[in-house]
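# Reading the structure
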Amino acid sequence: MHRQRAIIRTLGLAAAVAFAATACGPQQPGAAPAAPSLPVGSPSASASGQDDKPGASSPAPSPSESASASSSPSAPASPSESAAPAVKPVMANGDENDRVRELQARLRQLKLMTSAPTGFYGSKTTAAVKTFQSQHGLGATGAVDEATWRKIQELSRKPTDEELTPPTTNEVAAPDPRCLQGRVLCISKESRTLAWMIDGKVVSSMDVRFGSENTPTREGLFQVEWKAKDWTSTIYHTPMPYSMFFSQGQAVHYSADFAARGYAGASHGCVNVRDKAKLSALFDQVKVGDKVVVYW
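None of the values given here were measured: they were computed from a predicted structure.

## Some thoughts on the pattern of salt bridges
Counted according to the given criterion, the structure contains nine salt bridges. Its salt-bridge partner being Glu 154, residue Lys 151 comes within 3.6 Å of it at the nearest N-O pair. Of the two residues, Lys 151 and Glu 154 are both situated in helix H4 (residues 146-155); the distance of three residues between them amounts to about one turn of the helix. One salt bridge in this structure joins Arg 274 and Asp 207, with 2.6 Å as the shortest N-O distance.

## Regarding the state of the cysteines
Scanning the entire structure with this criterion turns up one disulfide. The side chain of Cys 179 participates in a disulfide bridge whose partner is Cys 186; the two sulfur atoms lie 2.1 Å from each other. Taking the sign of the S-S torsion, about 85 degrees here, the bridge from Cys 179 to Cys 186 comes out right-handed. A relative accessible area of 0% places Cys 179 in the buried class. Assessed through its relative accessible area of 3%, Cys 186 is described here as buried.

## A closer look at the environment of Pro 89
Of note, Pro 89 is situated in the loop between helix H1 (2-20) and helix H2 (98-109). The class of Pro 89 is partly exposed, set by a relative accessible area of 30%.

## Re the side chain of Thr 217
When you line up the elements, Thr 217 lands in the loop between strand S3 (201-209) and strand S4 (220-223). On the basis of relative accessibility, which here comes to 2%, the residue Thr 217 falls in the buried class. Within the structure, Thr 217 has its side chain in polar contact with the backbone nitrogen of Gly 211 (distance 3.0 Å). Here the side chain of Thr 217 touches Gly 269 through a polar contact of 2.8 Å, landing on its backbone oxygen.

## As for the packing of aromatic side chains
For the coordinates displayed, the defined rule picks out six aromatic pairs. With a centroid separation of 5.6 Å and an interplanar angle of 70 degrees, the aromatic rings of Tyr 242 and Phe 283 are classed as edge-to-face. Taken as a pair, Tyr 242 in the loop between strand S5 (226-228) and strand S6 (243-247) and Phe 283 in helix H7 (residues 276-285) lie far apart in primary sequence, 41 residues in all. Exposure remark for Tyr 242: the relative accessible area of 12% places this residue in the buried category. Here Phe 283 falls in the buried class, since its relative accessible area comes to 7%.

## Notes on the environment of Leu 180
By the secondary structure assignment, Leu 180 is in the loop between helix H5 (161-164) and strand S1 (183-188). Sequence separation between Leu 180 and Asp 199 is 19 residues; the distance between their C-alpha atoms is 5.8 Å. With sequence-adjacent residues up to four places away left out, Leu 180 is seen in contact with Pro 175, Met 197, Asp 199 and Gly 200.

Parameters and conventions
Residues numbered from 1 in each chain as written. Predicted model: local features only at pLDDT ≥ 70, side-chain atom pairs only at ≥ 80, totals over all residues. Heavy atoms only, no water. Salt bridge = Lys/Arg side-chain N within 4 Å of Asp/Glu carboxyl O. Helix = DSSP H or I, 4+ residues; strand = E, 2+ residues; numbered from the N terminus. Disulfide = S-S within 2.5 Å. Buried < 20%, exposed > 50% of the residue type's maximum accessible area, 1.4 Å probe, protein only. Polar contact = N/O pair within 3.5 Å; in protein donor to acceptor, adjacent residues only side chain to side chain. Phe/Tyr/Trp six-rings, centres within 6.5 Å; stacked < 30°, edge-to-face > 60°. Contact = heavy atoms within 4.5 Å.

Shown next as structure tokens:
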């Protein structure tokens, strides 16, 4: 209590509001908000490991559904008239495993994907597979069947460990126009990246994770209101190192949970960073008053 009063006297009323709302912390996917002071609004970025926007795709249908050949009621259908069994996919939209990670690494070798492997089969992977299938005379279903998988393996090599699990997963998105002037933390929900930009040039970039649909990270134009190198959530009591607060308790900060679990988890609205060294260097460069842009 004495610590809170001291901080409030130092930071003034605006910082006191932010202090009371430092609600960020790791959250299990789908968890309901734990406090009424958490941000509310329309659903935002899901933290599942998807390679697309939440709700932007649905599981791909099976490659084919054959109907039985019609036959006379008085005579059973011959074996040649029987329907062929549907082709069972090896991998399809919604799958998440190491084989999907290998698929994505091979598609990246073939210049059909730009983002690094996540292990989750979403709409971007589906689109890349469809393109490959169309290029090689295979049924363009977007799901990987045995024939597609053999062809992909034939035309690519076994991925290295670094190709499978690169230190930075996501490719930086094209910056929002608001990021092109001044000093800006340019944060894209679509590519799940933070780019530190000065006068339109990217100085550094890193992967980020956002709040769940129940506790979305706010979008818009903000500014860094205050910073704290060592901070702990006043609601969830979880560490928030290198916090840079920009919107009523929402902050960019390092997350050990993100570093350990990746996109299998979510924040309670904050922008999580998993590369502590990169964020430490960024923290030293960013000043109170610098712009923050969060956008799709």
